[in-house]
Amino acid sequence: IWGYESVGLASSKVEMDNWLTTNKPNWGSNWGAGDVMYKDLNGDGVIDGDDKTYFGYARHPEYVFGFLGGFSWKNFEFSMQWTAAMNASRILEGEYRNAFGSTNSRMLLKFLADGRWTEENPCSRFPRLTFMNKTHYLEDTDLWLMNGSYLRLKTAEISYTFQNKDFLKKIGVESVRLYCNGYNLLTLFSDLNDIDIDPEGKTSGGDNTYPNVRIYNFGINVSF
């Protein structure tokens, strides 16, 4: 992932003014408390494209894992499938970064509202909300970097089978199997969980993104 490294968010106008004395961003104006301070990596006193670098891991995981297991005991059966990914990074884009959208007429996501810098919340993760100059925080920076690693219970099923029962034989049935299964049941160890983003999905928002849903099925199999 390619972008700017951040020093942090300015806790006050004084801190921002001190940073601006030796660092001149080549975009934006009205810099103030709650805005991002960027690292001048080449030391020329100007924050521009020459200060961009790679950070985090790649968007696609370096390692992927899977585990499929289960057991049966008497008439009970249980099975499950786990998937995992390690050493992956995701960067928030689109509506996940640009509050109110590019035209300031769209929704504001809850995690952006709750996590934005304010005077009452100076230790927040995300910069202040401002319409004066949104370019302050729209650049790709490690501020928007999220851990894309995860452990997921992909599927699980439990069932019980009735068979060789007198009451079933009377109605011509050999066995009845009752089952319950689920898909996308549990996700652990992902920063994206906290902001309701699927670690296997997109982090760019948009109308064409449909969330990964949790599905439950209940059923019955009858054998004659």
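Residues numbered from 1 in each chain as written. Predicted model: local features only at pLDDT ≥ 70, side-chain atom pairs only at ≥ 80, totals over all residues. Heavy atoms only, no water.

(A) Just the sheet that holds strand β12 (residues 175–188), in detail. Pairing is antiparallel across the open sheet formed by five strands, whose spatial order is β7-β8-β11-β12-β13. The sheet is open, and its two borders are formed by β7 (63–73) and β13 (215–223), each paired with just one other strand. The mean angle between the axes of side-by-side strands here comes to 10°, regardless of whether they run parallel or antiparallel. Alignment of strand β8 (residues 76–86) against strand β11 (residues 150–163), held across 10 bridges, turns out to be antiparallel. Note that in β11 the partner of A85 across the bridge is Y150. (Pairing = 2+ DSSP bridges. Helix = DSSP H or I, 4+ residues; strand = E, 2+ residues; numbered from the N terminus. Axes fitted to C-alpha atoms, helices over the stretch in contact; angles between N-to-C directions.)

(B) View of the packing of aromatic side chains. Using the criterion set out here, one finds 15 aromatic pairs in the structure. On the numbers, 6.3 Å between centres and 50° between planes, the contact of W19 with W31 is tilted. Of this pair, W19 sits in helix α1 (residues 13–20) while W31 sits in the loop between β3 (24–25) and β4 (36–38), placing them 12 residues apart in sequence. Ring-pair connections join several aromatic residues into one group, and the members of that group are Y4, W19, W27, W31 and Y38. One cation-aromatic arrangement involves R152 over Y150; the distance from NZ or CZ to the ring centre is 5.8 Å. (Phe/Tyr/Trp six-rings, centres within 6.5 Å; stacked < 30°, edge-to-face > 60°. Lys NZ or Arg CZ within 6 Å of the ring centre and 35° of its normal.)

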